[in-house]
Protein chains: 6
Amino acid sequence: MSVAIKLNGFPCKVDITADDFFFAGLKRAGNTNNAAGSNVTAANVQSFPGVNTLGVSMARIDYAPGGQNPPHTHPRATEIIFVLEGVLEVGFITTANKLFTKTVTVGDVFAFPRGLVHFQQNRGRGPASVIAGFNSQLQGTQVIATTLFAAAPPVPSDVLAKAFRIDNGQVDAIKAKFM
Amino acid sequence: MSVAIKLNGFPCKVDITADDFFFAGLKRAGNTNNAAGSNVTAANVQSFPGVNTLGVSMARIDYAPGGQNPPHTHPRATEIIFVLEGVLEVGFITTANKLFTKTVTVGDVFAFPRGLVHFQQNRGRGPASVIAGFNSQLQGTQVIATTLFAAAPPVPSDVLAKAFRIDNGQVDAIKAKFM
Amino acid sequence: MSVAIKLNGFPCKVDITADDFFFAGLKRAGNTNNAAGSNVTAANVQSFPGVNTLGVSMARIDYAPGGQNPPHTHPRATEIIFVLEGVLEVGFITTANKLFTKTVTVGDVFAFPRGLVHFQQNRGRGPASVIAGFNSQLQGTQVIATTLFAAAPPVPSDVLAKAFRIDNGQVDAIKAKFM
Amino acid sequence: MSVAIKLNGFPCKVDITADDFFFAGLKRAGNTNNAAGSNVTAANVQSFPGVNTLGVSMARIDYAPGGQNPPHTHPRATEIIFVLEGVLEVGFITTANKLFTKTVTVGDVFAFPRGLVHFQQNRGRGPASVIAGFNSQLQGTQVIATTLFAAAPPVPSDVLAKAFRIDNGQVDAIKAKFM
Amino acid sequence: MSVAIKLNGFPCKVDITADDFFFAGLKRAGNTNNAAGSNVTAANVQSFPGVNTLGVSMARIDYAPGGQNPPHTHPRATEIIFVLEGVLEVGFITTANKLFTKTVTVGDVFAFPRGLVHFQQNRGRGPASVIAGFNSQLQGTQVIATTLFAAAPPVPSDVLAKAFRIDNGQVDAIKAKFM
Amino acid sequence: MSVAIKLNGFPCKVDITADDFFFAGLKRAGNTNNAAGSNVTAANVQSFPGVNTLGVSMARIDYAPGGQNPPHTHPRATEIIFVLEGVLEVGFITTANKLFTKTVTVGDVFAFPRGLVHFQQNRGRGPASVIAGFNSQLQGTQVIATTLFAAAPPVPSDVLAKAFRIDNGQVDAIKAKFM
C-alpha cells in the first residue's frame, strides 16, 4: 500500500542531553488579547519533546481581568493547578451532573478529574495565572463551545438545536460568533 | 474520624454463579418519549454487577424518529457501536476540532475514541437502535448541554455567556429549557 | 543486523477520515458451512485498522443449527456478547474449574472474563448470531481443539495422550480429523 | 442487601515485617506421584501474601521421569522459566496456531507469552525441575484437559464431541478418566 | 486470622464536595531551617485525600540559600518542576550512569523521569522554590543518604563500606551525623 | 529535521521461531572477580530480545565469598529472587525508612518492591547465586554508589558532601575509588 503512515506516539531522540528535559517556554505570560481573555501555553510532548513516554506535562494559563479558560475537557489527563497570581472561580461538573466550584487565590491547589468538563474564570480585578500539571505527555483539549460550534466541517445545526433546545437560527448565530 | 467512607470501585460477591454474568436488561427498547427522543439502557457495573473488574460494558440506545443521543463524552471509555435498526448520522470531533461524521445503517460499526465529544442523530423515517460496547466497566457520561446548562448548582451564567459568546439572558433561556 | 523487523503494534495513517472509524464487514452473516457450523467475522485492528490504539473491537458470530463456537480463549480481552438471533448455550470455566453456563436468547447479554476457556453452542432450531464486544484492538483467539490437535508443527502425540489420558492412537485419530 | 461481599484483590497487613516478603515453600520438590507426574508449588499471593500489589510471583515445578506439566494457560501472566534440573521439552502454541518448541536443560531460560497454551514434558531419564517467574501476583491457571473434561458441573459432552470431532462416548470415556 | 488488615490504597469519602478537591497547604514556604536547608510540602493523597484515584499530586519545595533537596528517588512517579523563585542546579542520573544537569531560574521547567536519582541545589544568593507535579497520587520518596545511613534498623555497616569503598569507621561516622 | 530518532521500545522480528524465546546465557556463573565480588547476568530485552513486549525478564546473580550486590534500585520492576546456592543477607528499605532484612539460603524466595533501594550480601563461606524474576522486559538498574560517585559528568562534590554530611575532600576520596 502507498498509504502514508506514522508511528503511534512520538519518536525518541538518539543523543539526548539535559536540554531535552528543560523547557523555558512557560517563563512569560501568554497573550490574553483574545475573545476568551486567556491563553494556555503548553509544555507537553508537542512543544517539549523530552516528556515523551514520561507520563507528565505542564501548562501555564494566563487570564486577563474578566478572562476565562472556557469549559473544556482533557480526554487523557487529570489536571492539578497551582495559582501563581490572582483570584479565580474554578469548577468541574461530575458525571452525576453536580458542579463542584471554589474560589482560589495565590498558592491554592485544585484538581480536575480526568475527562470531566471544567473551567476557570478570573474573578479578581487584575490578571491571574496558574501552573497546571497533567498525568499525560499530551493531555488533549476539547473546548466545548468551539468543539460544537466551530468544528470543521460544522456539526449539523439541527443536531445542536435539539441538544441545546434552541432553534436552528440561534445555533447559526452562535456559530457565526466563532468564525 | 467519623467520615463515612466507601470502597474504591465496587465490591465482589462471594458466591458467584452464571447468573452474575448474565443480563437481560437490553432485551427491550427503552422509552424514547422524552426531549431528546432517545434512551440509553446501560449494562454496566451499576446495573450489571458481574462486569466488575472485567473492563467491559454494553449499552442499548434507542432513538425515536428524529431523536438523538445528544453530544456527550465518556471520560473512561472508547465506544464502538453496531447498528441494530434504522439510519443514523453519527460523528465525533477530534482535539484538532475536526468533525468525523458518517451515516450508518443496520449492521454497520463505528468507533468513538475515548473522551471525545460525539453524537448520534436518527436520520431515518422510523425508529433506530444500536448496541454499544465500551472498554470500561463504567464508562461515565457527560451530556454536554445538561452538564453546562442543567448542573446543580448551576454553572454561573456569565461563564457560559462568555464561553458561547451569547448574553446572560440567552444563557438563562437555555437553562430554563432544562428545568 | 539484516534481520527483518517490524513495529510493535500497528502503524497509524497520516490522513484519517471518518471512513477509518467505520466498518461495514459485520453487516452480513458469515458462512457457517464448516465443521464447527459457525463463523466469526472480526472487526478488529487487522480488518478494521481504525481501532488501532483505541482498546476496543467487535465481532459477529453466526451459528448454523447445531453449530458451535468451540471452546477457546482470548489471551488479551474480556468478551461481552449481545444475542441478535436464536438460542445459545454459553459458558466459561473458571480457574477453580467451575463451569458457569446459561441459555441465552435474543437481546440477552453475557460476559466471558479475559483469558478463560468459553464456548457458545446453538441450542435452537434455527440459526443464531451474536455481536461480541472486546476490550482490546486485537483479542487473539486460541481454539483449544485446533491449538492442541492441529498446530504446525504438531504438538507431540505422547504429550497430548498423557494430558487427555488417552493413548497415542486416539490422539492421532483426533489429529487426523483436523487435517 | 444481605449478599456477602469481599474486597477486590487481597487486603494488606498493617504491621508488615521482612518475613512478609520471604517464602520458604519452594525449598523442596513437590510430590509428583500423580497422574501427570508433576507438581506445581506456587509462591503467589494466595500462599505468599507479601507479593500483594507487587505484580510478581514465582512457582517451582517438579517433574517425575516421564512426567509433564500438561497443556495449560495463565490468563493473567507471562511465564519465564529457569531449569534447575533435568531435560524438558517445552512449547507454546501461538494465536496463528504455530507450535514453538525447544528442548531445555539445566540453566536454560524459556518464555511463555501471556495467555497462550503451553506445556513442559520431562524428556530426561531422571527428575526435572524449574523455577518460574510470573508478572502477576496471581497468574491463574487453566489446565486444558481438566478444564474441559473435569469441570463441575461438566461441560456438555456434545459440545466437546463436536469440538474435538469425536463421539459422545469417547468424550465420556475421557471424562471418566478424570473422576 | 486476627491479623489487622487495611485496604489497598485509600478509601473514598461518601459525600464529597468541592473542598475535597481544594488544598491550601502549598500557600506558604516550608521551614528550611534544617540540615538540608530545604523543605518539601506535599499535596498528595496523604495530605490532600481528594487526589485519591486521580493519578496526580503536587509538592512545593523551598530551599534556603545553599540549601538542597538531596539526591533521592520517587519509586512511583515522574516529577516535573516549575521554578517559582531563585536559581537552582538540578540534575538526574540515567541508568547508563550519565548525569543530566542544568541551571534553572524563575519560570523554567525541568523533568525527572520516574524512579531515577535526582537532586536540586540552590545556587543563588537568596531563597528558591519550585512547584512539582507528579503522575501519581503518592509518589513515594527515598532520600538516598538517609535511606542508606539512617534507616531503622540500620543497614549493616560492612554492606555500606563495601558499597562505597570506604571503611566501617567512615560508615559509622556518616551514620552518626544522621542521628 | 535531521535529528536522529529511534523507536520507543524495541522492534519486533518478522520471522520468529522457538529460539527467540530461548536463552542459554544464564547457564554459567558470571565472573565475580571485581570490586563488588558479584556479577549480574541479565536475560532482559537487551540480551534476550524475545521478551520484547512480554513484561518479564530474568537475571542470574553470582556472589563470591564476601561479595555483594550493592544497594541499588530498579526503576521499572519488582524483583523476586530464588536462591540457587549459598547464604545471603538480603534487604530493602521502605519509603518510611525501615530496613526489612532477612538471611536466605538455598530454595528461599524474597521479594523487593518496585523502585526501592535493596541489596544482597554473601554471608556464607562459599559462593552464592540467585535467579531473579522481574515484571518488566527491562528493569533498569541504578547502583547507588556508582550513580552518585561515578556518574559522567560527575555529580558536584558539594552536592554530595551536603547530602552525606561529609566534606568535599571525603567525597573526592570516594569518587577516586571508583575511577
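In this text the structure is predicted, and so the values were computed from the model without any measurement.

Reading guide: rules and limits
Residues take numbers from 1 onward in each chain, read along the sequence in its written order. Chains and ligands are labelled by the order in which they are written, letters from A for the one and numbers from 1 for the other. Two thresholds apply to this predicted model, a pLDDT of at least 70 for residue-level local features and 80 or more for giving and counting side-chain atom pairs, whereas whole-chain, interface and lining totals are computed over all residues. Excluded from the side-chain calculation are hydrogens and water; included are all heavy atoms of the structure. What marks off one domain from the next here is an automatic or database domain assignment. Should any heavy atoms of two residues lie within 4.5 Å, those residues are counted as being in contact. Here's the idea: put two parts together, see how much 1.4 Å probe accessible area each one loses, and the total over both is what we call buried area. By definition here, a salt bridge exists when the distance from a side-chain nitrogen of Lys or Arg to a carboxyl oxygen of Asp or Glu is within 4 Å. Polar contact criterion, stated in full: a pair of N or O atoms within 3.5 Å, where within protein one must be able to donate a hydrogen and the other to accept it, and residues adjacent in sequence count only if both atoms are side-chain atoms. The numbering of helices and of strands both runs from the N terminus, where a helix is a DSSP run of H or I of at least 4 residues and a strand a run of E of at least 2. When DSSP locates at least two bridges between a pair of strands, those strands are taken to pair. The quantity called pLDDT is the predictor's confidence in a given residue, expressed from 0 to 100. In superposing the copies, a least-squares fit is computed on C-alpha atoms, taking residues whose pLDDT is at least 70 in both. UniProt positions are given in the numbering used here, feature names are shortened, and annotations may be inferred rather than shown by experiment. Buried means the residue's accessible area, taken with a 1.4 Å probe over protein chains only, is under 20% of the maximum for its type, while exposed means over 50%, and partly exposed covers the values in between. The arc in question is the one spanned by the directions pointing from the helix axis to the C-beta atoms. Whether two aromatic rings pair depends on their centres lying within 6.5 Å, for rings of Phe, Tyr and Trp, where Trp uses its six-membered ring; planes under 30 degrees apart make the pair stacked, over 60 edge-to-face, and the rest tilted. Note on definitions: the grid is 1 Å and covers protein atoms alone; a cavity is a set of points where a 1.4 Å probe fits but cannot get out; a pocket is an open set with protein on both sides within 12 Å along at least five of seven lines; lining residues have an atom within 4 Å of a point. Grid points are joined across faces, edges and corners, and a volume is the space filled by probe spheres set on the points. Amino acid classes used here: Ala, Val, Leu, Ile, Met, Phe, Trp, Tyr, Cys and Pro are nonpolar; Asp, Glu, Lys and Arg are charged; the rest, including Gly, are polar. Note on geometry: axes are C-alpha line fits, over the in-contact stretch for helices, and angles between N-to-C directions span 0 to 180 degrees. An angle counts as roughly parallel when it lies under 35 degrees, as roughly antiparallel when it exceeds 145, as roughly perpendicular when it falls between 65 and 115, and as oblique in every other case.

Chemist: Lay out the domain arrangement of chain A with the relevant residues and their values.
Modeler: Per the domain assignment, the segments making up chain A are domain 1 (24-140) and domain 2 (142-179). On a C-alpha basis, the centres of domain 1 of chain A and domain 2 of chain A stand 24 Å from each other.

Chemist: Can you lay out the interface of chain D and chain C for me, pointing to particular residues and giving the numbers?
Modeler: Contact with chain D, which involves 50 residues of that partner, is made by 50 residues of chain C. Carbon and sulfur atoms supply 61% of the area buried between chain D and chain C, which totals about 4200 Å² over both sides. It is K162, F164 and R165 of chain D in chain D that bury the most area against chain C; as a group they hold 15% of the surface buried on that side. Inspection of the region where chain D meets chain C yields 2 salt bridges. Between D158 of chain D and R123 of chain C there is a salt bridge whose closest N-O contact spans 2.5 Å. Across the contact surface, chain D and chain C share 24 residue pairs in polar contact (both at pLDDT 80 or more).

Chemist: An account of the interface of chain A and chain B is needed here, citing residue identities and associated values.
Modeler: Contact residues are listed per partner, giving 50 residues for chain A and 50 residues for chain B. Across the chain A/chain B interface, buried area totals approximately 4200 Å², and carbon plus sulfur atoms make up 61% of it. Where chain A meets chain B, there are 2 salt bridges. Joining chain A to chain B, the criterion identifies 24 residue pairs in polar contact (both at pLDDT 80 or more). Looking at the side of chain A that touches chain B, the elements with two or more residues in it are β6 (68-73), β8 (87-93), β11 (118-122), α1 (144-149), α2 (157-164) and α3 (168-177) of chain A.

Chemist: Provide a residue-level description of the sheet that holds strand β4 (residues 38-43) of chain E, including the pertinent values.
Modeler: Overall, antiparallel pairing links the 6 strands, which are arranged β3(A)-β10(E)-β7(E)-β12(E)-β5(E)-β4(E) in an open sheet. At either end of the open sheet lies a strand with only one pairing partner, and these are β3 (22-23) of chain A together with β4 of chain E. As defined by bridge partners, strand β7 (residues 79-85) of chain E adjoins strand β10 (residues 109-112) of chain E across 4 bridges and the pair is classed as antiparallel. Residue I81 of chain E lies in a different strand from β10 of chain E, and its bridge partner there is F110 of chain E.

Chemist: Please give an account of the confidence of the model for chain A that cites residues and values.
Modeler: Mean pLDDT over chain A stands at 95; residues scoring 70 or higher make up 96%. Of the two predicted TM-score estimates for the complex, the pTM is 0.96 and the ipTM is 0.95.

Chemist: Give a detailed account of the relation of the copies chain A and chain B, specifying residues and quantitative values.
Modeler: With an RMSD of 0.0 Å, the operation that places chain A on chain B is a rotation of 180° combined with a shift of 0.0 Å along the axis. Here the transformation between the copies is reduced to the relation of a two-fold axis. Interface residue correspondence from chain A to chain B reaches 100%, placing this contact among same-surface, isologous pairings.

Chemist: Describe the arrangement of the chains, listing the residues and the values that go with them.
Modeler: Nowhere do chain A and chain D come into contact; their C-alpha atoms are at least 20 Å apart. At no point do chain B and chain F touch; the closest pair of C-alpha atoms across them sits 20 Å apart.

Chemist: Please give an account of the UniProt feature "binding site: Mn(2+)" (unreviewed entry) in chain A that cites residues and values.
Modeler: Residues and elements named next belong to chain A. The sites that carry the UniProt feature "binding site: Mn(2+)" (unreviewed entry) are, in the present numbering, H72, H74, E79 and H118. For the annotated residues, spread through 47 residues, the largest C-alpha to C-alpha distance comes to 11.7 Å, consistent with a single compact locus. For E79, the location among the structural elements is in strand β7 (residues 79-85). Not counting chain neighbours up to four residues away, the residues in contact with E79 comprise I61, H72, H74, F110, A111, F112, H118, Q120, A132, G133 and F134. Among the polar contacts made by the side chain of E79, one reaches the side chain of H74 at a distance of 3.0 Å.

Chemist: I'd love a proper account of helix α3 (residues 168-177) of chain D, names of residues and values included.
Modeler: Every buried residue belonging to α3 of chain D is among V171, I174 and K175 of chain D, and all of these are buried. An end-on view of α3 of chain D places all buried positions within 100° of arc, on one side of the element. Turning to α3 of chain D, the residues buried within the fold contact α2 (157-164) of chain C together with α1 (144-149) and α2 (157-164) of chain D. The N-capping residue of α3 of chain D, defined by a side-chain oxygen 3.1 Å from the backbone nitrogen of G169 of chain D, is D167 of chain D.

Chemist: So, the UniProt feature "domain: Cupin type-1" (unreviewed entry) in chain A: which residues are in play, and what are the values?
Modeler: Per the UniProt entry, the sites bearing "domain: Cupin type-1" (unreviewed entry) are residues 24-172 of chain A in this numbering. Between the C-alpha atoms that bound residues 24-172 of chain A the distance is 41 Å, and the span itself is 13% helix and 39% strand.

Chemist: Requested: an account of the relation of the copies chain D and chain C, with residues and values cited.
Modeler: Under the fitted operation, chain D is carried onto chain C by 0.0 Å of movement along the axis and a turn of 180°, and the coordinates agree to an RMSD of 0.0 Å. Looking at the interface residues of chain D, 100% of them are also at the interface in chain C, so both copies use one shared face.

Chemist: Describe unusual backbone geometry, listing the residues and the values that go with them.
Modeler: Trans is the common state for peptide bonds, and a negative phi is the common state for residues other than glycine. Of note, the bond from A152 of chain E into P153 of chain E is cis; its omega dihedral lies within 30 degrees of zero at -10°. If you trace the backbone, P153 of chain E turns up in the loop between α1 (144-149) and α2 (157-164). The backbone of R165 of chain A sits at a positive phi, close to 60°, despite the residue not being glycine. Within the element layout of this structure, R165 of chain A appears in the loop between α2 and α3. According to the relative accessible area criterion, R165 of chain A is partly exposed, its value standing at 29%. One non-glycine residue, T53 of chain C, adopts positive backbone phi at about 75°. Within the fold, T53 of chain C resides in the loop between β4 (38-43) and β5 (57-63).

Chemist: Outline the pairing of strand β11 (residues 118-122) of chain E, supporting the account with residue identities and numerical values.
Modeler: A large share of β11 of chain E lies buried, amounting to 5 of its 5 residues. Burial of β11 of chain E is two-sided: the residues H118, Q120 and N122 of chain E facing one way and the residues F119 and Q121 of chain E facing the other way are all buried.

Chemist: I'd like a description of the packing of aromatic side chains, backed by residues and values.
Modeler: Residue and element names in this part refer to chain C. Throughout the structure, instances matching the rule amount to 51 aromatic pairs over all chains. Pairing F23 with F48 gives two aromatic rings, centres 5.3 Å apart and planes at 20°, and the pair type is stacked. Taken together, the residues F23 in strand β3 (residues 22-23) and F48 in the loop between β4 and β5 connect sequence positions 25 residues apart. As far as burial versus exposure is concerned, F23 and F48 are alike and both buried.

Chemist: An account of empty space enclosed by the protein is requested, with residue identities and associated values reported.
Modeler: It is the rolling of a water-molecule-sized probe over the atoms that shows where space remains empty. In this structure the tally under the stated criterion is 3 cavities of 30 Å³ or more. Of the pockets and cavities examined, the largest cavity occupies roughly 40 Å³. If you go around the largest cavity, the residues you meet are V56, S57, I80, G133, F134 and N135 of chain A together with V56, S57, I80, G133 and F134 of chain E. When contributions to the lining of the largest cavity are tallied by element, the ones reaching two or more residues are β12 (128-134) of chain A together with β12 (128-134) of chain E. Broken down by class, the residue content of the lining of the largest cavity amounts to 6 nonpolar, 5 polar and no charged.

Chemist: Explain the side chain of S136 of chain E to me, using residue names and the numbers behind them.
Modeler: Residue and element names in this part refer to chain E. Note that S136 resides in the loop between β12 and β13 (142-143). With relative accessibility at 10%, the residue S136 sits in the buried group. In this structure, S136 is in contact with G55, V56, S57, R76 and A77, ignoring residues within four places of it in sequence.

Chemist: Can you lay out the environment of M58 of chain A for me, pointing to particular residues and giving the numbers?
Modeler: Residues and elements named next belong to chain A. Looking at the element boundaries, M58 is found in strand β5 (residues 57-63). Relative accessible area serves as the criterion here: at 0%, M58 is assigned to the buried category. C-alpha separation for the pair M58 and Q139, spaced 81 residues apart in sequence, amounts to 9.4 Å.

Chemist: So, the sheet that holds strand β11 (residues 118-122) of chain B: which residues are in play, and what are the values?
Modeler: In spatial order, the strands read β9-β8-β11-β6-β13 (chain B); together these 5 strands make up an open sheet with antiparallel pairing. Since the sheet does not close on itself, it has two edges, and those belong to β9 (99-105) and β13 (142-143) of chain B, each with one partner. Sheet topology places strand β6 (residues 68-73) of chain B next to β11 of chain B; 3 bridges connect them, and they run antiparallel. The residue of β11 of chain B that forms the bridge with N69 of chain B is Q120 of chain B. Contacts between α2 of chain A and the sheet are confined to β6 and β11 of chain B, with β6 of chain B contributing the most and set at about 85° to the helix.

Chemist: Tell me about the packing of helix α2 (residues 157-164) of chain B against helix α3 (residues 168-177) of chain B, and name the residues and values.
Modeler: Residue and element names in this part refer to chain B. The contact between α2 and α3 brings their axes to 8 Å, and the two run at 105°. Taken together, the axis directions place α2 and α3 in an arrangement best described as roughly perpendicular. Across from S157, D158, L160 and A161 in α2, the residues of α3 making contact are N168, V171, D172 and K175.

Chemist: Just give me the short version of helix α2 (residues 157-164) of chain F, but keep the residues and values in it.
Modeler: Burial analysis of α2 of chain F places 6 of its 8 residues in the buried class, the great majority of the element. Directly after α2 of chain F, the chain includes R165 of chain F, whose backbone phi takes a positive value near 60°.

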